[in-house]
Structure formats: structure tokens, C-alpha cells
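Okay, here's what each chain looks like letter by letter:
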Amino acid sequence: QVQLVESGGGLVQAGGSLRLSCTASGRAFSGRAMGWFRQAPGKRREFVSTISSSGGSTNYADSVKGRFTISRDNTKNTAYLQMNGLKPEDTAVYYCAARSASSATVMPEGYYYWGQGTQVTVSS
């Protein structure tokens, strides 16, 4: 069993920054690719960023490229999403996810384990 817990969300003004954390418990965090996804009211869950198990390969949605940075520390069983230059359009519930493969996918349906989500609200 793998459990993921997100933290770090909150309310910020446009242009501000937040750092989300996702801490895993259970088996084999270091062997799992991780992803960050978000879901705004009335919208489908969408890809934000992914990272391979080693951290050597990352991917970003066009909407966040250059503003967000994904990273992981396998010694701490934790993945991070550093969000800079936040915009009101970034307002959503952010979820971290894990899959058994070492390489990531941008498709939410490719992930088996999900965190509970953390709310990010960006005011204008």
C-alpha cells in the first residue's frame, strides 16, 4: 500500500509563490514516477508536471513552463512542486500521483496512487 499526502497549498496574490510537497509512505517511492495534476471547478483534471523515478527527466504543461519546477528527494520520500509567478488561472486543487513505472506519463489515468489534494487559490 502506498499513501501520498500533499501539503503547502494556500491563498496567495497574483505573482506570488508556493511550494507544494507530496510525502509518500509505503513501498518503493524511489522506483515510482510522480506527477502533479490539478483540477479547477467545472474542469477536468489536467496534467501539470511529471518527474521520472530518478529525477532525471521532467515534463511540464505549456501553461506552467518557466514558472513551475518539479523535483524530488528520494531520501525523504518526497516530491515537490515549486510554483512561482502564480496567476489566477492557476487556482485549483492540486494532486500528486504515483505509478509503478520509472518513467512518467501525462495522462491521469496512468497513475494508480493519488493524494487527497491541496487547494491553491490565487487572487488578482
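Residues numbered from 1 in each chain as written. Predicted model: local features only at pLDDT ≥ 70, side-chain atom pairs only at ≥ 80, totals over all residues. Heavy atoms only, no water.

Caption draft 1: Examining the state of the cysteines more closely. Summed over all chains, the structure comprises one disulfide. Each sulfur of the disulfide joining Cys22 and Cys96 lies 2.0 Å from the other. A torsion of 60° about the S-S bond marks the disulfide between Cys22 and Cys96 as right-handed. Separated by 74 residues along the polypeptide, Cys22 in strand E3 (residues 18-26) and Cys96 in strand E9 (residues 92-98) bring together distant segments of the chain. Judged by relative accessible area, which is 0%, Cys22 ranks as buried. (Disulfide = S-S within 2.5 Å. Helix = DSSP H or I, 4+ residues; strand = E, 2+ residues; numbered from the N terminus. Buried < 20%, exposed > 50% of the residue type's maximum accessible area, 1.4 Å probe, protein only.)

Caption draft 2: Local environment of the packing of aromatic side chains. Scanning all chains against the criterion turns up five aromatic pairs. Judged by centre distance (5.2 Å) and plane angle (55°), the rings of Phe37 and Trp114 are tilted. Remark: Trp114 occurs in strand E10 (residues 113-114) and Phe37 occurs in strand E4 (residues 34-39); sequence separation between them is 77 residues. Residue Phe37 is classed as buried on the basis of its relative accessible area, which comes to 0%. Owing to a relative accessible area of 26%, Trp114 belongs among the partly exposed residues under this scheme. When the ring of Tyr95 is compared with that of Trp114, the centres are 6.4 Å apart and the planes differ by 80°; the resulting orientation is edge-to-face. A residue pair is termed long-range when its members are at least 10 positions apart, and Tyr95 in strand E9 and Trp114 in strand E10 qualify at 19 residues. (Phe/Tyr/Trp six-rings, centres within 6.5 Å; stacked < 30°, edge-to-face > 60°.)

Caption draft 3: Layout of the nonpolar core. With 32 residues, the main nonpolar core has Leu4, Met34, Trp36, Phe68, Leu81, Met83 and Tyr94 as its most contacted residues. Of all the secondary structure elements, the ones that give two or more residues to this core are strand E1 (2-7), E3, E4, strand E5 (46-51), strand E7 (68-73), strand E8 (78-83), E9 and strand E11 (118-123). Ignoring any residue separated from it by four or fewer positions in sequence, one finds Leu81 in contact with Leu18, Arg19, Leu20, Trp36, Val48, Ser49, Phe68, Thr69, Ile70 and Tyr94. (Core = buried A, V, L, I, M, F, W, Y, C linked by side-chain atoms within 4.5 Å. Contact = heavy atoms within 4.5 Å.)

Caption draft 4: Highlighting the sheet that holds E7. Spatially, four strands are ordered E1-E3-E8-E7 in an open sheet, and the strand pairing comes out antiparallel. Each edge of the open sheet is held by one strand with a lone partner, namely E1 and E7. When strand polarity is set aside, the average angle formed by the axes of neighbouring strands in this sheet is 15°. Bridge analysis of E3 against E8 gives six bridges, and the strand direction is antiparallel. Within E8, the position partnered with Thr23 by the bridge is Thr78. (Pairing = 2+ DSSP bridges. Axes fitted to C-alpha atoms, helices over the stretch in contact; angles between N-to-C directions.)

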